[in-house]
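# Summary of structural features
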Amino acid sequence: MTSLRRALWALAAAGFVFGLAVVALIVTSDTPEYPAAWAAGGLAVGWSFIGVGLFAWGRRPDNRVGMLMTATGFAWLVAGCGLSDLPLVFTLGQGVGTLFFAVAVHLLLAFPSGQLESRADRCIVTGAYIVTAVAGLALWLFSDPRSLGCDDCPDNVLLVYDNETLVNAISTVINLIGAALITGVVVVLIRRWRRATPSQRRFLVPVYAAGIAVGIMLIATVALQVGGLDDPVLEAAWIAAMVPLGLVPYVFLGTLIRARMIQSRAVSELVARLSGTPRPGELRDALASALGDESLELAYWVPEQDRFVDAQGRPVELPEQGTGRAVTKVRREGSYVAAIVHDPVLDEQHGHVEAVCSAASLALENERLEAELRAKVEELRESRQRMLRVGLEERRRLERDLHDGAQQRLVSMALSMRLARARLRDQPEAAERLLDGASEELDAALDELRELARGIHPAVLSDRGLDTALEALAHRTPLPVDLESTPGRRLPEAVELAAYFVVSEALTNVVKYADATHATVNVASENGRVVVQVADDGVGGADPERGTGLRGLADRLAVLEGRLEIDSPPGRGTTVTARIPCG
Amino acid sequence: MGRTVLIVDDHPSFRASARMLLECEGFEVVGEAEDGAGALLAVQRLAPQVVLLDVQLPDIDGFEVAARLTANGDSPAIVLTSSRDVNDLGPLREREGVRGFIPKSELSGAALEALL
């Protein structure tokens, strides 16, 4: 037997004995007009709450509803003590007996989750506890039951000073606060009904029924207090009000049992519905109706992309906690299959979502495979577009480079030649200078064209491989470059090209921006991928969003499903790392 | 002295060659500008008779510069130039003040004079 179970049994025994004690106190008391009816009704209500409460507590220890229901039962029995004619017991029962209403309100507002969800709920419940416990006791410091018209009542042991005016004043304050709290409860319950989904409303019906029962009891109690504690008609009305109240725990229990029955029927219907081949979208509809949540959405796990996608294969973001939507992830044989995004109230129906998920897991796996296929097609389509864009951008850059570089030099050379030709006879020295200038422009243009051609495709790479191409690159860079490691073997052409451009672009940036004294290059092939790393000891603070160079590289790598990382803390150098899958 | 010219081009090497070429053939180069905004200011300040205007400038393009210069009516003679082929530029907007187009590699004092 677990310690919880032992505690629950101890509480059950305590409730049983307490109930009998209260009956004994009432039956032997002179105060009530109908002691037998008081005793029977009081015992039935108290034991119902305690019994059903302990049952629910045992079934769902993590949900406070059972505990609150048990507490309501005990509070009720304490209130029953107020009918005793033993002064101490009488005073205790009358003084703190109204605590019952506070616990009942707490139970009403916390059903079915056991939590007070909103600030308004918490304020109302706190207010109710304060009014019933603190103010109730304060009232009993100054009221003598005999001066309030109860001649049969025993002495008030708490009485400090009998003052009817003070009692009336405190009563008025309590009644006003009480009325405000009741209004609050009504407003909260109406608001809750309006916002509720059909499946949530299923849980609200018993709350309303119980609310009405507690309300009737409250009216009867106030009437009894106002009309005098020994009016037989009001006393009879009070006894009658116990009947609906006694039914409350059973209504709660009935709701829980009915929900469970509906759940198991829903699961068997779901299994039957999924036995054929579901049409597209039918699985979602079947799950929505099995869980009674029309807003339900499905997302499928794509392990390769490490994310969830919808049925069309488009990536979806799962809602965070506290956004009014709950997520249940479905696993099958240890790995994710799907995620069900649903109304958070479903989490209260213990195990139901899980039962539905496991009934549907095979169908979900089938739909997941389809969604995964669509996601891959989508990814391919995107990468094709990206490739096209990268290509277009490169051509544009090429045109720009040609226009601004070699073309301008050739233009200025043509002009110099024409000028030189015009001066050839009259000013041969000037013509010579012009021709020298033109020749320099021609050399520069050739250099630029060579550089450009290397940018389009480095010939050394295709002829002699990545190792040699990287050596040439390191040699050409106007900065000491340590080529620490190279793959030492030929890799697929596209991978070599991407690795080469990563090193080339990174070294260009080092020279242009880093203000570094030297750079190191590492290219290693490991676990089916090539890791390219270029590090410098420069100023750091590189922003990948700034230049088009790094963005272009990232796109170029994305086409190969590779990734680019840039680590560049200010003042501590820059490390560019590219990981390229290499089959 | 010959006609006063303003050279507008974003490539310093072209500006230097063009200045040498035009001065050699009797023009007076009164200024250079490297972009459209600079060109508009320089025209206001220097009031050249001729503007040799590159079509492709880093800020506003040569067509727009020409349009703004000719909008006032009393504008200098504008000759467009580019290292691109004339056919690659699309139809040249015929405006009062825009005298014509010379490919950069064919620039000479005579070619410029022929358009004025």
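Here the structure is a predicted model, which means the values were calculated and not measured.

A separate point is the overall build of chain B. The secondary structure content of chain B amounts to four helices and five strands. Moving toward the C terminus, one meets the helices and strands of chain B in the order β-α-β-α-β-α-β-β-α. Taken over the C-alpha trace, chain B has a radius of gyration of 13 Å; the compact-globule value for 116 residues is 13 Å, and the two agree within 12%. Along the first, second and third principal axes, the C-alpha set of chain B runs to 30 × 30 × 25 Å. Within chain B, counting contacts between residues at least 6 apart in sequence, those at least 24 apart form 60% of the total. Averaging the locations of the 10 positively and 19 negatively charged side chains of chain B gives two centres separated by 3 Å.

Counting secondary structure elements, chain A contains 15 helices and nine strands. On the principal axes, the C-alpha backbone points of chain A span a range of 140 × 60 × 40 Å. Every one of the 583 residues in chain A was classed for burial, and the buried ones make up 44%. Counted over contacts in chain A with a minimum sequence separation of 6, partners at least 24 positions apart contribute 65%.

Counted by the stated rule, this structure contains nine aromatic pairs over all chains. Centroid distance Phe308(A) to Tyr336(A): 6.1 Å. Interplanar angle 50 degrees. Geometry classified as tilted. Of this pair, Phe308(A) sits in strand β2 (residues 307–309) while Tyr336(A) sits in strand β4 (residues 335–342), placing them 28 residues apart in sequence. Residue Phe308(A) is classed as buried on the basis of its relative accessible area, which comes to 7%. Tyr336(A) gets classed as partly exposed once you look at its relative accessible area, which sits at 26%. Among the aromatic residues, those joined into a ring-pair cluster are Trp76(A), Phe100(A) and Phe101(A). Over the ring of Phe14(B) we find Lys104(B), and its NZ or CZ is 4.5 Å from the ring centre.

Here we take up the sheet that holds strand β2 (residues 28–33) of chain B. All names here are of chain B. Reading across from one edge, β2-β1-β3-β4-β5 is the order of the five strands in this open sheet, with parallel pairing throughout. Where the open sheet ends on each side, the last strands, each with one partner, are β2 and β5 (98–103). Ignoring strand direction, the axes of neighbouring strands in this sheet form an average angle of 20 degrees. Summarising the sheet, strand β1 (residues 4–8) and strand β3 (residues 50–54) pair through four bridges and their orientation is parallel. Residue pairing across strands places isoleucine 7 opposite leucine 52, the latter belonging to β3. Its contacts with the sheet put helix α1 (residues 12–24) on β1, β2, β3 and β4 (77–82), and the angle it makes with β2 is roughly 170 degrees. Across the face of the sheet, helix α2 (residues 36–46) comes into contact with β1, β2 and β3 while running at roughly 165 degrees to β1.

All names here are of chain A. Here helix α3 (residues 65–80) is 16 residues long and its end C-alpha atoms lie 23 Å apart, about the 22 Å a rise of 1.5 Å per residue gives. Most of α3 sits out of view: twelve of its 16 residues are buried. All buried positions along α3 are accounted for by Val65, Gly66, Leu68, Met69, Thr70, Thr72, Gly73, Phe74, Ala75, Trp76, Leu77 and Gly80.

Right, let's talk about the sheet that holds strand β8 (residues 563–567) of chain A for a bit. Paired through backbone hydrogen bonds, the strands of a sheet run either parallel or antiparallel to each other. Residue and element names in this part refer to chain A. Taken in spatial order, the five strands make up an open sheet running β5-β6-β7-β9-β8, and their pairing is mixed. The open sheet is flanked by β5 (481–485) and β8, the only strands paired with a single partner. Strand-to-strand twist across the sheet, computed as the mean angle between neighbouring axes with direction ignored, equals 15 degrees. Inspection of the sheet shows β8 paired to strand β9 (residues 575–581) by five bridges, in the antiparallel sense. Its bridge partner being in β9, aspartate 567 is matched across the sheet by threonine 575. Running at roughly 160 degrees to β5, helix α13 (residues 459–476) makes contact with β5 and β6 (519–526) of the sheet.

Right, let's get into the packing of helix α5 (residues 99–110) of chain A against helix α6 (residues 119–142) of chain A. Working note: a packed helix pair is described by the angle between its axes plus the distance between those axes. All names here are of chain A. Axis separation between α5 and α6 bottoms out at 8 Å; the angle between their running directions is 170 degrees. Relative to α6, α5 is oriented roughly antiparallel. Relative to α6, α5 is oriented so that their crossing is left-handed. Contacts between α5 and α6 involve Leu99, Ala102, Val103, Val105, His106 and Leu109 on the former and, on the latter, Asp121, Ile124, Val125, Ala128, Tyr129, Thr132 and Ala133. Residues belonging to the contact of α5 with α6 are distributed by class as follows: ten nonpolar, two polar and one charged.

This part covers the domain arrangement of chain A. The assigned domain composition of chain A is domain 1 (3–245), domain 2 (282–396) and domain 3 (462–583). Distance from the C-alpha centre of domain 1 of chain A to the C-alpha centre of domain 2 of chain A: 49 Å.

Residues and elements named next belong to chain A. When you line up the elements, aspartate 310 lands in the loop between β2 and β3 (326–332). Among the polar contacts made by the side chain of aspartate 310, one reaches the main-chain amide nitrogen of glutamine 312 at a distance of 2.9 Å. Non-local contacts of aspartate 310, meaning those with residues more than four positions away in its chain, are made with Leu298, Tyr300, Val316 and Ala371.

All names here are of chain A. Spanning twelve residues, α5 covers 17 Å between terminal C-alpha atoms, matching the ideal 16 Å at 1.5 Å per step. Along α5, eleven of the twelve residues are buried, which leaves the element largely enclosed by surrounding structure. Among all positions of α5, only Phe100, Phe101, Ala102, Val103, Ala104, Val105, His106, Leu107, Leu108, Leu109 and Ala110 are buried.

What follows is about unusual backbone geometry. If you check the backbone angles, Asn527(A) has positive phi at about 45 degrees while not being a glycine. By relative accessible area, Asn527(A) is classed as exposed at 80%. Even without a glycine there, the phi angle at Ala47(B) is positive, about 45 degrees. A relative accessible area of 56% places Ala47(B) in the exposed class.

All right, on to the interface of chain B and chain A then. Taken together, the contact pairs 16 residues of chain B with 16 residues of chain A. With both chains or domains summed, chain B and chain A bury close to 1400 Å², and 56% of this area falls on carbon and sulfur atoms. At the boundary of chain B and chain A, one finds one salt bridge. A salt bridge links Glu399(A) to Arg84(B); the nearest nitrogen and oxygen atoms lie 2.6 Å apart. Applying the counting criterion to the chain B and chain A interface returns eleven residue pairs in polar contact (both at pLDDT 80 or more). For the side of chain B that touches chain A, the per-class residue count stands at six nonpolar, seven polar and three charged.

This part takes up the confidence of the model for chain B. Taken as a whole, chain B shows an average pLDDT of 86; of its residues, 92% reach a score of 70 or greater. Mean pLDDT in chain B bottoms out at helix α3 (residues 62–71) of chain B, which sits at 87, and peaks at β1(B), which reaches 95.

Here is what the cut-offs are and how they apply
Residues numbered from 1 in each chain as written. Chains lettered and ligands numbered in written order. Predicted model: local features only at pLDDT ≥ 70, side-chain atom pairs only at ≥ 80, totals over all residues. Heavy atoms only, no water. Helix = DSSP H or I, 4+ residues; strand = E, 2+ residues; numbered from the N terminus. Rg over C-alpha atoms; globule rule 2.2 N^0.38 Å. Contact = heavy atoms within 4.5 Å. Lys, Arg positive; Asp, Glu negative; His and termini not counted. Charge placed at Lys NZ, Arg CZ, Asp CG, Glu CD. Buried < 20%, exposed > 50% of the residue type's maximum accessible area, 1.4 Å probe, protein only. Phe/Tyr/Trp six-rings, centres within 6.5 Å; stacked < 30°, edge-to-face > 60°. Lys NZ or Arg CZ within 6 Å of the ring centre and 35° of its normal. Pairing = 2+ DSSP bridges. Axes fitted to C-alpha atoms, helices over the stretch in contact; angles between N-to-C directions. Expected span 1.5 Å × (residues − 1). Parallel < 35°, antiparallel > 145°, perpendicular 65-115°, else oblique. Left-handed = near helix turned anticlockwise from the far one by under 90°. Nonpolar A, V, L, I, M, F, W, Y, C, P; charged D, E, K, R; others polar. Domains from an automatic or database assignment. Polar contact = N/O pair within 3.5 Å; in protein donor to acceptor, adjacent residues only side chain to side chain. Buried area = accessible area lost by both parts, 1.4 Å probe. Salt bridge = Lys/Arg side-chain N within 4 Å of Asp/Glu carboxyl O. pLDDT = per-residue confidence, 0-100.

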